[in-house]
Amino acid sequence: MSKAIEVFDAEMNEMLDHVFDLIGIPNEESSDKYDRLNWTRNVCTNLIEIATKNEKYIEPAIELISDWGNLEDYTSKVETHDWFRYYQLLDEHITGYKKWHEKQLVKEKGKGKSKTA
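Parameters and conventions
Going along each chain's sequence as written, the residues are numbered from 1 onward. Where totals are concerned, whole chains, interfaces and linings use all residues; where local detail is concerned, this predicted model gives features only for residues with pLDDT of at least 70, and gives and counts side-chain atom pairs only at 80 or more. Hydrogens and water molecules were not included; the side-chain quantities draw on all heavy atoms of the structure. Only buried residues count toward a nonpolar core. Its members are Ala, Val, Leu, Ile, Met, Phe, Trp, Tyr and Cys residues joined through side-chain atoms within 4.5 Å. Summary of the burial criterion: residues with accessible area below 20% of their type's maximum are buried, those above 50% are exposed, and those between are partly exposed, where the area comes from a 1.4 Å probe applied to protein chains only. The way it works is that DSSP assigns letters per residue, a run of H or I at least four long becomes a helix, a run of E at least two long becomes a strand, and they are numbered from the N terminus. We call two residues in contact when some of their heavy atoms are within 4.5 Å. Looking at any residue, its pLDDT shows the predictor's confidence there, from 0 to 100. Whenever two N or O atoms come within 3.5 Å, that pair is a polar contact, provided that in protein one can donate a hydrogen and the other can accept it, and provided that, for residues adjacent in sequence, both atoms are side-chain atoms. The term salt bridge refers to a side-chain nitrogen of Lys or Arg lying within 4 Å of a carboxyl oxygen of Asp or Glu.

With that settled, the discussion passes to the nonpolar core. By size, the foremost hydrophobic cluster in this structure holds 19 residues, and its most contacted members are Cys44, Leu47, Leu64, Leu71, Tyr86, Leu89 and Leu90. Elements that contribute at least two residues to this core include exactly helix H1 (2-23), helix H2 (39-53), helix H3 (58-66), helix H4 (71-80) and helix H5 (86-116). It is H2 that contributes the most residues to this core, 5 residues altogether. The residues contacting Leu64, other than those within four sequence positions of it, are Leu47, Leu71, Tyr74, Leu89, Leu90 and His93.

Mean pLDDT over the protein works out to 79, with 78% of the residues at or above the 70 mark. Of all helices and strands in the protein, the one with the weakest mean pLDDT is H5 (73), whereas H3 scores best (90).

It is worth spelling out the environment of Asp17 at this point. Among the structural elements, Asp17 can be located in helix H1. Asp17 gets classed as partly exposed once you look at its relative accessible area, which sits at 36%. Here the side chain of Asp17 touches Arg41 through a polar contact of 3.4 Å, side chain to side chain.

Time to look at the environment of Gly69. Positionally, Gly69 belongs in the loop between H3 and H4. For the pair Gly69 and Gly24, spaced 45 residues apart in sequence, the C-alpha to C-alpha distance is 9.5 Å.

Throughout the structure, instances matching the rule amount to 3 salt bridges. With a closest N to O distance of 3.4 Å, Arg41 and Asp17 form a salt bridge. Here Asp17 lies in helix H1 and Arg41 lies in helix H2, a separation of 24 residues in the sequence. Two residues, Asp91 and Lys56, come together in a salt bridge whose shortest N-O distance is 3.2 Å. You can see Asp91 sitting in helix H5 and its partner Lys56 sitting in the loop between H2 and H3, a full 35 residues away along the chain. Note on Asp91: relative accessible area 24%, which makes it partly exposed. Lys56 gets classed as partly exposed once you look at its relative accessible area, which sits at 46%. Through salt bridges with shared partners, a single network forms among Asp17, Asp21 and Arg41.

This is the structure:
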């Protein structure tokens, strides 16, 4: 049984790598010498793993992964607080964080324009 799980995991990881290639996530090693994993792909994989365990997280995980270029903006709370986890990020995304985050980006862009104008 454990061998079957290992094979399944390896096949799933390979399939995820292909999907990440298709959506354009670069496959670069981390610049952090202690962490060789590609940060973006690692976060996306974590989001997928959480979504496979709870159906309500599928849509927010897809939305976050689809916007992988801004993933660091969304995950900053996870990265800076040891008490905040990815499933909580997905919960926030479901309850409206995405809309709040978009409004914040619009405000920041508006401030940037007024400084240069």
